[in-house]
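# Inside the fold
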Amino acid sequence: MIDFHVHQPAAAAYGPAEYLAAMDELGIDVSVVFTYEGLLRPSAAANDSLAAWVAPAPGRLVAFATVDPRDPGAGDEIERCVREHGMRGIKLHPWLQGFSAHTPGLDDVCSVAGALGIPILFHDGTPPFSTPLQLAALARRHPITRIVLGHGGLHDLWREAIEAVLTTPNVHLCMSGTPGYAMRAIVARCPLDRLLFGTDAGLRPEPLQRYAVLRVRQLGELGLDDDQREAILVTNPRRLLAA
């Protein structure tokens, strides 16, 4: 199982060894990890801290870089993170970082990601800047860049997230924080090869977080067949991380 939505714990609440033990308990083989503090204050130092955090387990912890798309050096920082740290994607949070899908620098970030063959995972499901169809419009401007809706629209915009996937072939959907009834609709309506799963772990000070346990249990209650589980939990995330 690959968990496509995990945060590095703030203020070093626990280390990678403790989190790997939590992953084992949940049956998670690989976690895609983003900075959290760096979303509030994007910097090279935040990316370096994340790289150091995942370094003890390169086969199980995969890092995604974070940048401020309004920074003229954002593209160079992405390339540095990929070249020096082996990072395999980008995480952006328009709501926390305060930019829209039409921020000019975002086109440069998408172009760099497309050229490098790495995905960009966005927080989505929160107006005014993080709605799925806004991000789908961005994806249509950059058809070779793979865009991931990091929360599948959350509780209010999951229907919009489905439409984003159905209308935009380079948009993928990560079910993370999406309610169970919405997850069932997403699996029923969306192309199977563009679905992912994530726990959103890392936002609490303990490594094994109750809401992450509940999300794994929620996934088990969907009644997925073997092909669906393999696609959502293994094949699809591996393909996105294969750059």
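Reading the values: rules and limits
Residues numbered from 1 in each chain as written. Predicted model: local features only at pLDDT ≥ 70, side-chain atom pairs only at ≥ 80, totals over all residues. Heavy atoms only, no water. Helix = DSSP H or I, 4+ residues; strand = E, 2+ residues; numbered from the N terminus. Rg over C-alpha atoms; globule rule 2.2 N^0.38 Å. Buried < 20%, exposed > 50% of the residue type's maximum accessible area, 1.4 Å probe, protein only. Contact = heavy atoms within 4.5 Å. Patch = residues over 30% accessible without salt bridge, like charges linked within 9 Å, V, L, I, M, F, W, Y side chains within 5 Å. Areas by Shrake-Rupley, 256 points an atom, 1.4 Å probe, with all protein chains shown as cover. Salt bridge = Lys/Arg side-chain N within 4 Å of Asp/Glu carboxyl O. Lys, Arg positive; Asp, Glu negative; His and termini not counted. Charge placed at Lys NZ, Arg CZ, Asp CG, Glu CD. Arc of directions from axis to C-beta. Pairing = 2+ DSSP bridges. Axes fitted to C-alpha atoms, helices over the stretch in contact; angles between N-to-C directions. Expected span 1.5 Å × (residues − 1). Parallel < 35°, antiparallel > 145°, perpendicular 65-115°, else oblique. Left-handed = near helix turned anticlockwise from the far one by under 90°.

### Re the overall build of the protein
- Looking only at helices and strands, one finds 11 helices and 8 strands in the protein.
- Computed over its C-alpha atoms, the radius of gyration of the protein comes to 16 Å, within 12% of the 18 Å expected for a compact globule of 243 residues.
- Each of the 243 residues in the protein was classed as buried or not, and the buried ones make up 57%.
- Restricting to contacts in the protein with at least 6 residues of sequence separation, those with at least 24 account for 75%.

### Some thoughts on unusual backbone geometry
- Geometrically, the link from Pro127 to Pro128 is a cis peptide bond, its omega value of 5° lying close to zero.
- Structurally, the position occupied by Pro128 is in the loop between β5 (120-122) and α7 (132-141).
- A positive phi angle, close to 65°, is found at Asp200, a residue other than glycine.
- Note that Asp200 resides in the loop between β8 (195-197) and α10 (210-220).
- According to the relative accessible area criterion, Asp200 is buried, its value standing at 10%.

### Quick look at a negative patch on the surface
- A grouping of Asp225, Asp226, Asp227 and Glu230 is seen on the molecular surface, where their side chains present a negatively charged patch.
- Assignment of secondary structure puts Asp227 in helix α11 (residues 226-240).
- Since its relative accessible area comes to 61%, Asp227 is described here as exposed.

### Concerning α7
- By the burial criterion, the buried members of α7 are Pro132, Leu135, Ala136, Leu138 and Ala139. When α7 is viewed along its axis, its buried side chains cluster within an angular range of 160° and face the same direction.
- Against α6 (104-116), β5, β6 (147-149), α8 (158-167) and β7 (171-175) lie the buried residues of α7.

### Concerning the sheet that holds β8
- Read across the open sheet, the 5 strands follow the order β4-β5-β6-β7-β8; overall the sheet is parallel. With one partner strand each, in any of the chains shown, β4 (90-92) and β8 form the two edges of the open sheet. In this sheet, adjacent strand axes meet at a mean angle of 30° when their direction is disregarded.
- In this sheet, β6 lies alongside β5 in parallel orientation, the contact comprising 3 bridges. Bridging from a neighbouring strand, Leu121 pairs with Val148 of β6.
- Sheet strands in contact with α7 are β5, β6 and β7, and its direction is about 175° off that of β6.

### A word on helix α4 (residues 74-85)
- Taking 1.5 Å per residue, 12 residues should reach 16 Å; α4 reaches 16 Å between its end C-alpha atoms and fits that length.
- Within α4, burial applies to Ala74, Gly75, Glu77, Ile78, Arg80 and Cys81.
- Just downstream of α4, Gly86 is the residue with a positive phi angle, here 70°.

### Quick notes on the environment of Leu222
- Of note, Leu222 is situated in the loop between α10 and α11.
- The spacing of Leu222 and Leu116 is 106 residues in sequence and 35 Å in space, taken between C-alpha atoms.
- In contact with Leu222, other than residues within four places in its own chain, are Gly180, Met183, Arg184 and Val187.

### Quick look at the packing of α7 against α8
- At their nearest, the axes of α7 and α8 sit 8 Å apart, and the two run at 15° to each other. Taken together, the axes of α7 and α8 are roughly parallel relative to one another. Along this stretch, α7 crosses α8, giving a crossing that reads as right-handed. Each of Pro132, Leu133, Gln134, Ala136 and Arg140 in α7 lies in contact with α8, whose residues at this interface are Glu160, Ala161, Glu163, Ala164 and Thr167.

### Looking at the environment of Leu214
- Examined against the element boundaries, Leu214 turns out to sit in helix α10.
- Owing to a relative accessible area of 39%, Leu214 belongs among the partly exposed residues under this scheme.
- In this structure, the C-alpha to C-alpha distance between Leu214 and Leu166, residues 48 residues apart in sequence, is 28 Å.

### Some thoughts on the pattern of salt bridges
- Enumeration over the complete set of coordinates arrives at 9 salt bridges.
- When the shortest N-O distance is used, the salt bridge between Arg141 and Asp107 registers 3.2 Å. Of the two residues, Arg141 sits in helix α7 while Asp107 sits in helix α6, which places them 34 residues apart along the sequence.
- Of the residues examined, Asp107 reaches a relative accessible area of 23% and is grouped as partly exposed.
- Among the ionic pairs, Glu163 bridges to Arg189, the shortest N-O distance being 3.2 Å. Here Arg189 lies in helix α9 (residues 180-189) and Glu163 lies in helix α8, a separation of 26 residues in the sequence.
- A relative accessible area of 45% places Arg189 in the partly exposed class.
- Three or more residues joined by partner-sharing salt bridges are found here, namely Asp48, Glu77, Arg80, Arg83 and Glu84.

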